[in-house]
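Report on the structure
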Amino acid sequence: MEYPLDKKKALLRILICGSVDHGKSSLIGRLLYDSDVVYEDQIDAIKSETSEFRNENTADLSLLVDGLQSEKELGITIDVAYRYFSTIRRKFILIDTPGHEQYTRNMVTGASNSDLAVILIDARCGLQPQTRRHSFIASLLGIKKFILAINKMDLVGFDRESFEKICFDCKTFFNGLGDIEVSCIPVSALDGDNVVTLSSKTPWFHAGTLISMLEEAQIVSKSNTSQFRLPIQYVNHISSNLSGFCGTVASGFVRKGDVVRILPSQKRGTVKAIVTYEGELDCATDGMAVTLIFDSEIEASRGDIFVHEGQGMMEGRRIDCTLVWMVNNPLVANVTYDIKIGTRICSGKVSAFHSKIELENLTEQPTNELSLNEIGQVSIDLEDLLVFDLYEESQVLGGFIFIDRQTNETAAAGMITGIGKF
Amino acid sequence: MHISSFSHLSQLEAESIHIIREVAAEFENPVMLYSAGKDSSVMLHLALKAFYPALPPFPLLHVDTTWKFREMIKFRDALGAKLGIKMLVHINQEGIKDGLNPFSHDPGHYTDVMKTVGLKQALNHHGFDAAMGGARRDEERSRAKERIFSFRNDEHMWNPSDQRPELWNIYNTRINPTESIRAFPLSNWTELDVWEYILFKRIEVVSLYFARARAVVDIDGTKILVDDERMPTELRKKAKEEFVRFRTLGCYPLSGAVSSTARSVSEVITEIKGAENSERQGRLIDVDSIGSMEQKKRKGYF
Ligand SMILES: Nc1nc2c(ncn2[C@@H]2O[C@H](COP(=O)(O)OP(=O)(O)OP(=O)(O)O)[C@@H](O)[C@H]2O)c(=O)[nH]1
Ligand SMILES: [Mg+2]
């Protein structure tokens, strides 16, 4: 029997962000509740927690996502939470992020895997510094589509002018973030207006509900290039004289019979078969986890990259990049870190600080260090030659993390912006 | 920019295979936890896919509390033999010596000793540096907060307030010798995704997931299957035949059945879509107190 159900439903990952207490967790609770994916025993659990932690007799929907003991006690979100629901048209992953500035690194974790951002803005306060910070980080990580949910409209009497004023202020700010698409919607996460059901209190608003916007949003691929890239993740020793090269296609596609180059060695090989458990494939595309077998023995290992003949990648020993610093110890020049990019680990150190981004007004300031949650533009000197793509071309081969050699912590998220000059 | 045309199940599958391969590539001595439940069955299927035509380069580990449903144990043994993958079974002998029994001892204490302590003993004994588990973020609110690669200290403890940032699909697998990583390849799957995948790929699961007439005893509103003669006689006397199935499987004295007529995978899917209660509701050990899953995970539960 061929599988009839929902087979072609696509997956949309949505980042929910915005300033402290603007209603992110409540909105997610509302989306889940009104889409009927909250079970009765879960409602009972949050009802008893609402009375324990808040001394109220209702169900605080934000408790559906604020699941950690300390979050319930403090009434805030500390770390990212993932919630799932689907409609007939799509499967959604909702990524709730903390609004507090000290948890920005957790927000970055959420942003790195999202297709779209919903920015919550309290109608009484408008755009806050933290709203700007979140929006900037989301766009920095490559999110191109933003929905601004102007929340708590119930507290401003569903006033059209308040809504339009905030939208106007936002447009100016978001225009500065580059090539992104922005829409606005008035909602009340508490009462559910325009979340899943259309509100009668905003007759002046005609762009539908939040859920319809999410169902209709176009999902774009994580890579901007159509050139074939496959970072080798694992070499599978199938038998004494047969190896399979396993990995997830980062961009483009590969066909059986293609001649590919192995980077950085520049050696060549011809793809004899694309092997999967369910049979061989003629072609593997962007996002597929496959195994390639070659017509003769090739020398390649984890961290190497397959590309098509004539479609080289950038390479160098100095890269320019944007870094988000994520640990308490500040980043200073000339300290060596391990760097994980794609499936490769190398090491390097910051050789020059070009600027630090002042998130208040998005201006660049000179600096010689970065502290927790700061973002800067730096050059990194690598111990070995690195093959890479620019982050705007490929998140997989242009994004990397710093690993602290002493503490093993993930110290930074980096995005390559260019080849560094010596 | 182009539009992605993958279906959600293909995307989840590719993401999980990527995670499993990353564990195999980055750790010296990884293991895959296997419980014979539906999530384990899906995770194992994904592991078979990830390394085909070779077998997965790691063993499976079942932490056996000795109170699992009999059918699960049969299923486990048959599967291990059929696939030719090493199936390690660990039982916490101290708990056996103390005669721990879920009918007469506190379920929380019993679970802690037989599952959490048992798991830690097995991981330490074999020196595993990474353990893959089939837990999903949609199961419970503290799981919804956990990273895909979850760092555990030298006592296997999870610290929810100090998790490593996890960017894109780059996983930081760096640990010191006595520390370990728990990796969750099914993090982004829901109960429904798992069942749809089982249907789509025709994955075999134990028949306890499908409804038929079974002898169950109502214990404080939870229907417990009479799985063997260890159930106290005074309880067994109250057994009634009912049409039931299980949404989640663990130790039989602690896993509640649900009334159901769903006899096939597609009927199960239809039923889940209309369900009013969550999957975990039938699990006695998860509903005993607010935040109990978080407490258990802090102590080293998977
Ligand atoms: N009146 C009204 N109150 C709201 C609305 N949405 C949220 N709230 C209240 O605002 C407060 C904060 O809501 P949360 O959802 O916890 O805010 P958050 O943005 O998730 O906060 P952090 O995660 O800590 O940054 C709670 O008391 C909510 O009940 C709304 O639409 N109307
Ligand atoms: Mg929140």
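Since this is a predicted model, take the numbers as computed values, not measurements.

Here the focus is the overall build of chain B. On a plain count of helices and strands, chain B comes out with 9 helices and 10 strands. For chain B, whose C-alpha radius of gyration is 19 Å, the value lies close to the compact-globule estimate of 19 Å for 302 residues. For chain B, the C-alpha atoms occupy an extent of roughly 60 × 45 × 40 Å along the three principal directions. Within chain B, buried positions represent 62% of all 302 residues.

This paragraph deals with the site of ligand 1. All names here are of chain A. Lys24, Ser25, Ser26, Thr77 and Asp154 are the nearest of the 20 residues found near ligand 1. Contacts to ligand 1 include Ala189, whose backbone N or O atom sits 2.9 Å from an oxygen atom. Take the shell around ligand 1: its biggest share by element is 3 residues, from helix H1 (residues 24-34).

Val118 of chain A together with Trp195 of chain B are the most contacted members of the largest nonpolar core, which totals 160 residues. In this structure Val118 of chain A touches Ile14, Leu15, Ile16, Cys17, Leu27, Ile147, Ala149 and Leu214 of chain A, once residues within four positions along its chain are discounted. By size, the runner-up hydrophobic cluster in this structure holds 24 residues, among which are Cys346, Ile380, Phe402 and Ala412 of chain A.

For the rest of this paragraph, the subject is the interface of chain B and chain A. The interface of chain B with chain A comprises 76 residues on the first partner and 87 residues on the second. Linking chain B with chain A are 11 salt bridges. Here chain B is connected to chain A by 32 residue pairs in polar contact (both at pLDDT 80 or more). Breaking the side of chain B that touches chain A down by element, the ones donating at least two residues are helix H1 (8-26), helix H2 (38-51), helix H6 (191-201), helix H8 (265-273) and helix H9 (292-299) of chain B. Per-element accounting of the side of chain B that touches chain A gives the leading share, 13 residues, to H1 of chain B. Counted by class, the side of chain B that touches chain A contains 32 nonpolar, 21 polar and 23 charged residues.

Here we come to the sheet that holds strand S6 (residues 180-183) of chain B. Pairing between sheet strands relies on hydrogen bonds along the backbone, with the strands arranged either parallel or antiparallel. Residue and element names in this part refer to chain B. A sheet is described by the order of its strands in space; here 6 strands give the open sequence S3-S2-S1-S4-S6-S5, paired in mixed fashion. With one partner strand each, in any of the chains shown, strand S3 (87-90) and strand S5 (149-152) form the two edges of the open sheet. For this sheet the average axis-to-axis angle between neighbouring strands, irrespective of direction, equals 30 degrees. The sheet contact formed by strand S1 (residues 30-33) and strand S4 (residues 130-132) spans 3 bridges and is parallel.

Attention now goes to helix H6 (residues 160-175) of chain A. Residue and element names in this part refer to chain A. For H6, spanning 16 residues, the distance from its first C-alpha to its last is 22 Å, which sits close to the expected 22 Å at 1.5 Å a residue. Of the positions making up H6, those classed as buried are Phe163, Ile166, Cys167, Cys170, Phe173 and Phe174. The buried side chains of H6 occupy one side of the element, clustering within an arc of 125 degrees when seen end-on. Exposed side chains of H6 directed beyond 90 degrees from the buried face belong to Glu161, Lys165, Phe168, Thr172 and Asn175. In this fold, the buried residues of H6 make contact with strand S4 (116-122), helix H5 (129-140), strand S5 (145-151) and strand S6 (181-186).

The next thing to look at is the packing of H1 of chain B against H6 of chain B. Residues and elements named next belong to chain B. Contact pair H1 / H6: the axes reach a minimum separation of 11 Å and the direction vectors enclose 95 degrees. The angle between the axes of H1 and H6 places the two elements in the roughly perpendicular class. Facing His8, Leu9, Leu12 and Glu13 of H1, the residues of H6 in contact are Asp193, Glu196, Tyr197, Phe200 and Lys201. Here the contact of H1 with H6 is built from residues that sort into 4 nonpolar, 1 polar and 4 charged.

Caution is warranted with low-pLDDT regions, since their predicted coordinates should not be read in detail. Residues and elements named next belong to chain A. With 95% of its residues at a pLDDT of 70 or more, chain A shows a mean pLDDT of 89. Averaged over each element, pLDDT in chain A is lowest for helix H2 (residues 40-54) (72) and highest for strand S18 (residues 336-341) (98). The model gives residues 1-7 a pLDDT under 50, and that stretch makes 16 contacts with residues more than four places away or in other chains.

Here we take up the sheet that holds strand S1 (residues 10-18) of chain A. Residues and elements named next belong to chain A. The strand order across the open sheet built from 6 strands is S2-S3-S1-S4-S5-S6, with neighbouring strands paired in mixed fashion. Strand pairing shows two members of the sheet lacking a second neighbour, strand S2 (81-86) and S6, which therefore form its edges. On average, adjacent strands in this sheet sit at an angle of 25 degrees to one another, irrespective of strand direction. Summarising the sheet, S2 and strand S3 (residues 90-96) pair through 6 bridges and their orientation is antiparallel.

With that settled, the discussion passes to the domain arrangement of chain A. Residue and element names in this part refer to chain A. For chain A, the assigned domains read domain 1 (11-216), domain 2 (230-308) and domain 3 (314-419). The gap between the C-alpha centroids of domain 2 and domain 3 is 29 Å. Counting from both sides, the interface comprises 9 residues of domain 2 and, opposite them, 6 residues of domain 3. When the two sides are added together, the surface that domain 2 and domain 3 hide from each other amounts to roughly 770 Å², 69% of it contributed by carbon and sulfur. For the domain 2 face of the interface with domain 3, the top three residues by lost area are Pro264, Arg302 and Ile305, together amounting to 42%. Counting the contacts that link domain 2 with domain 3 gives 0 salt bridges. At the surface where domain 2 touches domain 3, the tally comes to 2 residue pairs in polar contact (both at pLDDT 80 or more). Among the residues making up the side of domain 2 that touches domain 3, the classes are represented as 6 nonpolar, 2 polar and 1 charged.

About the criteria used
Residues numbered from 1 in each chain as written. Chains lettered and ligands numbered in written order. Predicted model: local features only at pLDDT ≥ 70, side-chain atom pairs only at ≥ 80, totals over all residues. Heavy atoms only, no water. Helix = DSSP H or I, 4+ residues; strand = E, 2+ residues; numbered from the N terminus. Rg over C-alpha atoms; globule rule 2.2 N^0.38 Å. Buried < 20%, exposed > 50% of the residue type's maximum accessible area, 1.4 Å probe, protein only. Near = heavy atom within 4 Å. Polar contact = N/O pair within 3.5 Å; in protein donor to acceptor, adjacent residues only side chain to side chain. Core = buried A, V, L, I, M, F, W, Y, C linked by side-chain atoms within 4.5 Å. Contact = heavy atoms within 4.5 Å. Salt bridge = Lys/Arg side-chain N within 4 Å of Asp/Glu carboxyl O. Nonpolar A, V, L, I, M, F, W, Y, C, P; charged D, E, K, R; others polar. Pairing = 2+ DSSP bridges. Axes fitted to C-alpha atoms, helices over the stretch in contact; angles between N-to-C directions. Expected span 1.5 Å × (residues − 1). Arc of directions from axis to C-beta. Parallel < 35°, antiparallel > 145°, perpendicular 65-115°, else oblique. pLDDT = per-residue confidence, 0-100. Domains from an automatic or database assignment. Buried area = accessible area lost by both parts, 1.4 Å probe.

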